[in-house]
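Next come the chains, spelled out residue by residue.
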Amino acid sequence: MKRHLSECKFVLATDLDGTFLGGTETDRAALYGWIEAHRATVGLVFVSGRDPEFIHQLCGSGTVPWPEYVIGDVGTTIAHVTPERQIEPIEALENEIAARWNNSGSSVKSALNKAPGLTLQPTEFRYRVSYDYDPEQFNPEVSKTVEAMGLDVLISDNRYFDVLPKGVSKGPSLLRLLGHLDVPEGRVLSAGDTLNDLSMLVAGTPSVAVGGSEDPLLDALPQKPHIYRAQGIGAAGILEAVAHFDLHPTPEKV
């Protein structure tokens, strides 16, 4: 698709829902158009809770730019996009994730079969189990059950409950990918809006919580110079942060 990501002046590592896909149609068009106009110097990585099939359909529509790499399934998938527009897992980066998961899907589903406040999502994932979450019905003891299995719990947007391999989430997977590609962390902007983006926003790269981010995320973020809280919603907040950190000339600065 383009040259190696390590040669890019700037790399955007972004969540999708509420972030890259958030904001007005005009703001999204401005961000997407700017990326496509600068593909020689701008790299794109999707870091999402969404699965590769969703991303393939999204980008195949022709309205959303294709990324070079995909970190999907809340960090449990690390993949590259082939010239044929296929999203292929990078085995060398996923081996550790698979080992930490250790085929735990069936055990998790059995243990949480009748857990109050959790409804199993119909989509099958390779290294995670996901539920719709009702906080009013949920029993916090369920989280302890998962943790006793040597796995992690991630609750986000106050409606999703994910069971993940220990120590695996968006942030660690992003750092694993950047290290694999020799991309300097200072050239990367991480962008998100919900609590499942926290590990990515505190991973050490310049980062932005876009306007409209959920309060639990904003409350959890430390006050540090490399973590920016944007006013612009979704896509507008991303361009705002690129300009704030002076990572690449934006439309206003060209």
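Residues numbered from 1 in each chain as written. Predicted model: local features only at pLDDT ≥ 70, side-chain atom pairs only at ≥ 80, totals over all residues. Heavy atoms only, no water.

A separate point is the pairing of strand E9 (residues 160–165). The element E9 is largely enclosed, with a buried count of five among its six residues. Two elements, strand E7 (residues 129–133) and E9, share four bridges in a ladder whose sense is antiparallel. Bridge pairing links tyrosine 131 to phenylalanine 161 in E9. Adjacent in sequence and paired antiparallel, strand E8 (residues 151–156) and E9 are bridged by three residues, among which aspartate 157 carries a positive phi angle near 55°. (Buried < 20%, exposed > 50% of the residue type's maximum accessible area, 1.4 Å probe, protein only. Helix = DSSP H or I, 4+ residues; strand = E, 2+ residues; numbered from the N terminus. Pairing = 2+ DSSP bridges.)

Below, the discussion takes up the sheet that holds strand E6 (residues 118–120). With respect to topology, four strands assemble into an open sheet ordered E6-E7-E9-E8, the strand pairing being antiparallel. If you trace the sheet from one side to the other, it starts and ends with E6 and E8, each paired once. The mean angle between the axes of side-by-side strands here comes to 30°, regardless of whether they run parallel or antiparallel. Taken strand by strand, helix H6 (residues 141–148) contacts E6, E8 and E9, and its axis lies near 145° from that of E8. (Axes fitted to C-alpha atoms, helices over the stretch in contact; angles between N-to-C directions. Contact = heavy atoms within 4.5 Å.)

This next bit is on the layout of surface pockets. The calculated volume of the largest pocket comes to roughly 480 Å³. In the lining of the largest pocket, the residues fall into four nonpolar, seven polar and 11 charged. (1 Å grid on protein atoms, 1.4 Å probe; cavity = no way out; pocket = protein on both sides within 12 Å on 5 of 7 lines; lining within 4 Å. Points joined across faces, edges and corners; volume = space filled by probe spheres on them. Nonpolar A, V, L, I, M, F, W, Y, C, P; charged D, E, K, R; others polar.)

The next subject is the side chain of serine 156. Structurally, the position occupied by serine 156 is in strand E8. For serine 156, the residues in contact, after removing those within four places along its chain, are Thr194, Leu195 and Asn196.

Counting 40 residues, the largest nonpolar core has Val45, Leu112, Leu118, Phe161, Val163 and Leu177 as the members making the most contacts within it. Ranked by residues supplied to this core, first place goes to helix H7 (residues 170–181) with four residues. Excluding anything up to four places from it in sequence, phenylalanine 161 contacts Leu112, Leu118, Val129, Ser130, Tyr131, Tyr133, Phe138, Val142, Ser143, Val153, Leu154 and Ile155. Grouped together as the second largest cluster of nonpolar side chains are 33 residues, Ile35, Val42, Val64 and Ala191 included. (Core = buried A, V, L, I, M, F, W, Y, C linked by side-chain atoms within 4.5 Å.)

Per the counting criterion, the structure on display carries eight aromatic pairs. Ring geometry for tyrosine 131 and phenylalanine 161: centres 6.1 Å apart, planes at 75°, overall edge-to-face. Highlighted residues: tyrosine 131 in strand E7 and phenylalanine 161 in strand E9, separated in sequence by 30 residues. Judged by its relative accessible area of 3%, tyrosine 131 falls in the buried class. (Phe/Tyr/Trp six-rings, centres within 6.5 Å; stacked < 30°, edge-to-face > 60°.)

All right, on to H7 then. Side chains three or four residues apart in an α-helix point the same way, a direct result of the helix having 3.6 residues per turn. With 12 residues, H7 should reach 16 Å at 1.5 Å per residue; the first-to-last C-alpha distance of 17 Å fits that figure. Along H7, the residues classified as buried are Lys170, Gly171, Ser173, Leu174, Leu177, Leu178 and Leu181. Buried residues of H7, viewed axially, fall in a sector of 165°; they line one side. Residue aspartate 182 follows H7 closely and has a positive phi angle near 60°. (Expected span 1.5 Å × (residues − 1). Arc of directions from axis to C-beta.)

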